[in-house]
Amino acid sequence: MKRDPIDIIPYQEIWLKQFEQAKKDLSLALGTLADCIEHIGSTAIQNMPSKDRIDIQIGVKEVSDEVCEVINGALQDFGFSNAYLSKDHLPPNESDENEWKKIYLPGVTHRWRFKANIHIRRVGAKNYKYALLFRDFLRNHPESATAYARLKQSLSKHTRFDRDAYCEIKDPVCDLIMINARIWEKSQSQA
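Let me sum up the structure you'll find in this document. Every chain is numbered on its own, with residues counted from 1 as its sequence reads. Reporting of local features is limited, given that this is a predicted model, to residues whose pLDDT is at least 70; pairs of side-chain atoms are given and counted only at 80 or more, and all residues count toward the totals for whole chains, interfaces and linings. Excluded from the side-chain calculations are hydrogens and water; all other atoms, namely the structure's heavy atoms, are used.

Points about the sheet that holds strand β1 (residues 36-40)
Here is the rule: By this definition, two strands are paired if DSSP reports at least two bridges between them. Numbering goes from the N terminus for both helices and strands, where a helix is a DSSP run of H or I of at least four residues and a strand is a run of E of at least two. Axis definition: a line fit to C-alpha positions, over the contact stretch in the case of helices; interaxial angles, taken between N-to-C directions, run 0 to 180 degrees.
The strand order across the open sheet formed by 5 strands is β1-β2-β5-β4-β3, and the pairing between neighbours is mixed. Where the open sheet ends on each side, the last strands, each with one partner, are β1 and β3 (84-87). Mean inter-strand twist for the sheet, computed between neighbouring axes without regard to direction, equals 35°. Taken together, the 5 bridges between β1 and strand β2 (residues 54-60) define a ladder with antiparallel strand orientation. Across the sheet, residue histidine 39 finds its bridge partner in β2, namely isoleucine 56.

Looking at unusual backbone geometry
Stated precisely, the cut-off is as follows: Exposed residues in this analysis have more than 50% of their type's maximum accessible area, buried residues have under 20%, and partly exposed residues fall in between, with area computed by a 1.4 Å probe over protein chains only.
Residues other than glycine seldom take positive phi values, yet asparagine 47 does so here, at roughly 70°. Mapped onto the secondary structure, asparagine 47 falls in the loop between β1 and β2. Relative accessible area serves as the criterion here: at 58%, asparagine 47 is assigned to the exposed category. Look at asparagine 93: it is not a glycine, yet its phi comes out positive at around 65°. You can call asparagine 93 exposed: its relative accessible area is 81%.

Looking at the pairing of strand β5 (residues 116-122)
As a general feature of sheets, a regular strand has side chains that alternate between the two faces. Burial analysis of β5 places 6 of its 7 residues in the buried class, the great majority of the element. Note: β2 against β5, 7 bridges, orientation parallel. Opposite glutamine 57, over in β5, you have histidine 119 as the bridge partner.

A closer look at the nonpolar core
Threshold: Buried residues of nine kinds, namely Ala, Val, Leu, Ile, Met, Phe, Trp, Tyr and Cys, make up a nonpolar core once their side-chain atoms join them within 4.5 Å. Every residue pair with non-hydrogen atoms within 4.5 Å of one another is taken to be in contact.
With 27 residues, the main nonpolar core has Leu26, Ile56, Ile58, Trp112 and Ile118 as its most contacted residues. Sorting the residues of this core by element identifies α1 (14-30), β2, α2 (65-74), β4 (101-107) and β5 as the ones contributing at least two each. If we skip the residues at most four places from it in the chain, isoleucine 118 touches Leu26, Ile56, Ile58, Phe80, Ile103, Tyr104, Leu105, Gly107 and Trp112. One finds Leu138, Ala145, Ala149 and Ala181 within the second-largest nonpolar core, a separate group that totals 16 residues.

Some thoughts on helix α4 (residues 142-158)
We count it as follows: Take the residue count of a helix, subtract one, and multiply by 1.5 Å to get its expected span. Read the arc as the range of directions from the helix axis to the C-beta atoms.
Between the first and last C-alpha of α4 there are 25 Å, a value that for 17 residues agrees with the 24 Å anticipated at 1.5 Å per step. Those residues of α4 lying buried are Ala145, Tyr148, Ala149, Lys152, Leu155 and Ser156. Projected down its long axis, α4 carries its buried residues within an arc of 135°, all on one side. Opposite the buried face of α4, by more than 90 degrees, sit the exposed residues Glu143, Arg150, Lys157 and His158. For α4, the elements touching its buried residues are α3 (126-140) and α5 (163-190).

A short note on the layout of surface pockets
This is how the line gets drawn: Grid spacing is 1 Å over the protein atoms alone, the probe is 1.4 Å, and a cavity is where that probe fits but cannot get out, while a pocket is an open set with protein on both sides within 12 Å along at least five of seven lines and lining residues have an atom within 4 Å of a point. Grid points are joined across faces, edges and corners, and a volume is the space filled by probe spheres set on the points. All residues other than Ala, Val, Leu, Ile, Met, Phe, Trp, Tyr, Cys, Pro, Asp, Glu, Lys and Arg, Gly among them, are scored as polar; the first ten of these are nonpolar and the last four charged.
Roughly 1300 Å³ of internal volume is contained in the largest pocket. Surrounding the largest pocket, 39 residues form its lining, Asp55, Lys102, Asn117, His119 and Cys167 being those nearest its centre. Every element with two or more residues in the lining of the largest pocket is listed here: β3, β4, β5, α3, α4 and α5. With 7 residues, the top contributor of residues to the lining of the largest pocket is α5. Per-class residue counts for the lining of the largest pocket are 14 nonpolar, 9 polar and 16 charged.

So, a nonpolar patch on the surface
Convention followed: Residues enter a patch when their relative accessible area is above 30% and they make no salt bridge; the linking distance is 9 Å between like charges and 5 Å between nonpolar side chains (Val, Leu, Ile, Met, Phe, Trp, Tyr). Every accessible area reported is derived by Shrake-Rupley at a probe size of 1.4 Å, with residue values counting cover from the shown protein chains alone. The salt bridge criterion pairs a side-chain nitrogen of Lys or Arg with a carboxyl oxygen of Asp or Glu, the two atoms within 4 Å.
Taken together, the side chains of Leu176, Ile179 and Ile183 present a nonpolar region at the surface, about 320 Å² in accessible area. Along the chain, leucine 176 turns up in helix α5.

Next up, the structure:
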C-alpha cells in the first residue's frame, strides 16, 4: 500500500467541520456500538499545524476480533479498507499491552472529501485516556503546542517518505509532553 508523504500544513478551520461530518456519519452507522466519538490529534487543536488527515477516536466497550468484524460490517457501505487489530506504542514504564491495543481503520471513503485516521479504543483504557489528555493539555498550553508543532514541521522535512521513522521519533516526544500533561491533569483535579 502506497502511503501519502508526510506534509505538515497550517491549521485549517475546515478540520472541525470535517470531523463533525465524520462523527455524524459514523454515529449513524455504528449506533450503540460507539460509546463516544472524539476529535483527537493535532487537527483538534486550534492553530496547530498538522497532516491534512482528521484523527478520530471511537470509544467502545471492548477491543477484539469480534468487535472488529462488527465494525467492518457496519461500515461496509463506506468503502473503507477493513479495520484491523493494532496497538499504540508503549510509553515508558508501561508493559500491559492490553491497555494499548486498538482497532485501526484507515478513514478514506467516497463519502468524504477528506481523509481520516480512525482509532477505536476501549473506553477507559490507557491509550484512550492518553489521546484525550494529550489533546486537552495542548489546547490549554499554547507554548507546548507551538514547540510540538515546530518539532513536527522539522521532522516531516527529514522523514517525509518514512512514516515509521517519523513516528519512532515523534512518539517519545509525545511521552515527554505527557509528563507535564499528567501533572496538569492532577492539578486540575485538586483545584
